[in-house]
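Here's the letter readout for the chains.
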Amino acid sequence: MRSSPNRLVATIFGAVYLVVGALGFAVTGGVGFIATDGGLLLGIFEVNPLHNIAHLLIGAALLIAGLSNARAAKTVNVVVGAVYLLLGVVGFFLVGTALNILALNTFDHFLHLASALVLLGVGLGAERSVRADTSGRVA
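What counts and how
Residues numbered from 1 in each chain as written. Predicted model: local features only at pLDDT ≥ 70, side-chain atom pairs only at ≥ 80, totals over all residues. Heavy atoms only, no water. Helix = DSSP H or I, 4+ residues; strand = E, 2+ residues; numbered from the N terminus. Expected span 1.5 Å × (residues − 1). Bend = angle between axes of the 7 residues up to and from the residue. Buried < 20%, exposed > 50% of the residue type's maximum accessible area, 1.4 Å probe, protein only. Polar contact = N/O pair within 3.5 Å; in protein donor to acceptor, adjacent residues only side chain to side chain. Phe/Tyr/Trp six-rings, centres within 6.5 Å; stacked < 30°, edge-to-face > 60°. Contact = heavy atoms within 4.5 Å. Patch = residues over 30% accessible without salt bridge, like charges linked within 9 Å, V, L, I, M, F, W, Y side chains within 5 Å. Areas by Shrake-Rupley, 256 points an atom, 1.4 Å probe, with all protein chains shown as cover. Salt bridge = Lys/Arg side-chain N within 4 Å of Asp/Glu carboxyl O. Axes fitted to C-alpha atoms, helices over the stretch in contact; angles between N-to-C directions. Parallel < 35°, antiparallel > 145°, perpendicular 65-115°, else oblique. Left-handed = near helix turned anticlockwise from the far one by under 90°. Nonpolar A, V, L, I, M, F, W, Y, C, P; charged D, E, K, R; others polar. Core = buried A, V, L, I, M, F, W, Y, C linked by side-chain atoms within 4.5 Å.

A separate point is helix H3 (residues 70-94). Across its 25 residues, H3 extends 35 Å between first and last C-alpha, which sits within 8% of the 36 Å expected from 1.5 Å per residue. At Gly 88, H3 shows its largest kink, close to 25°. Along H3, the residues that are buried comprise Ala 73, Val 76, Asn 77, Val 80, Gly 81, Tyr 84, Leu 87, Gly 88, Gly 91 and Leu 94. Measuring from the backbone nitrogen of Arg 71 back to the side-chain oxygen at the start of H3 gives 3.1 Å, which picks out Asn 69 as the cap. Directly beyond the C-terminal end of H3, a positive phi value near 85° is found at Gly 96.

Take a look at the structure:
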């Protein structure tokens with residue numbers, strides 16, 4: 001894992017998102033599953049139970065890919081990064097509407113955009129060259 005930036009980032013982000021998803025349930029007692037207003041995680045990030053489950057699923061995908069191999073980690077980093085980029089941009093237009101089923105707020109948008117930059121940056125930028133091992137096979 002040390003030789004693969006994609007595996008390292010996927011593993012770290014996966015673990016963090018799993019913890020965030022689990023902690024989110026501590027602040028969403030009494031909050032509707034798809035409520036447009038949620039509880040505040042760390043006092044600033046708004047979450048509801050659906051948002052928590054999304055964090056758990058994304059965290060699991062990243063962690064599993066990071067622990068698997070570089071190709072899986074790269075793929076998941078790029079896919080999750082692209083989804084977070086889209087969510088980070090579109091999220092600004094969802095606040096205050098009935099379509100805000102993840103109870104997103106401005107802090108969430110900036111965190112999603114930052115996550116997207118890291119995941120896409122590593123996913124698209126690292127491990128671009130394909131190495132050949134000593135037998136001439138592509139590694």
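That shown, we press on.
By the definition in use, this model includes three aromatic pairs. Taken together, the aromatic side chains of Phe 13, Tyr 17 and Tyr 84 make up a single cluster linked through ring pairs.

Its place among the elements puts Asn 52 in helix H2 (residues 49-68). Of note is the side chain of Asn 52, whose polar atom sits 3.3 Å from the side chain of Thr 28. Discounting residues that sit within four places of it in the chain, Asn 52 has contacts with Gly 21, Gly 24, Phe 25, Thr 28 and Val 47.

For the rest of this paragraph, the subject is the environment of Ala 15. As for its position among the elements, Ala 15 is in helix H1 (residues 5-24). Residues Ala 15 and Gly 32, 17 residues apart in the sequence, show an inter-C-alpha distance of 26 Å.

Moving on to a nonpolar patch on the surface. Taken together, the side chains of Leu 85, Leu 86, Val 89, Val 90, Phe 92, Phe 93 and Phe 110 make up a nonpolar region of the molecular surface, amounting to roughly 690 Å² of accessible area. The topology assignment puts Leu 86 in helix H3. Look at Leu 86 and you get exposed, because its relative accessible area is 56%.

In contact at an axis separation of 8 Å, H1 and H3 are set at 55° when each is read in the N-to-C sense. Taken together, H1 and H3 sit at an angle that is classed as oblique. Crossing geometry of H1 relative to H3 is assigned as left-handed. On H3, the residues that touch Asn 6, Arg 7, Val 9, Ala 10 and Tyr 17 of H1 are Ala 70, Ala 73, Lys 74, Asn 77 and Tyr 84. Residue classes in the contact of H1 with H3 are distributed as six nonpolar, two polar and two charged.

Turning to its location among the elements, Leu 113 is positioned in helix H4 (residues 106-125). Placed 85 residues apart in sequence, Leu 113 and Thr 28 show a C-alpha to C-alpha distance of 23 Å. Not counting the four nearest positions on each side in its chain, Leu 113 is found in contact with Leu 85, Gly 88, Val 89 and Phe 92.

Our focus in this paragraph is the nonpolar core. The tendency in soluble globular proteins is for nonpolar side chains to be buried side by side. Counting residues in each nonpolar core, the largest one holds 18 residues, and the members touching the most others are Phe 13, Leu 62, Val 80, Tyr 84 and Leu 119. Elements that contribute at least two residues to this core include exactly H1, H2, H3 and H4. The leading source of residues in this core is H3, at five residues.

Two numbers describe how H2 lies on H3: the axes approach to 7 Å, and their chain directions differ by 155°. One finds that H2 runs roughly antiparallel with respect to H3. Crossing geometry of H2 relative to H3 is assigned as left-handed. For the pair formed by H2 and H3, the contact residues are His 55, Ile 58, Ala 61, Leu 62, Ala 65, Gly 66 and Ser 68 on the first element and Ala 72, Ala 73, Val 76, Asn 77, Val 80 and Tyr 84 on the second. Of the residues in the contact of H2 with H3, the class split is nine nonpolar, four polar and no charged.

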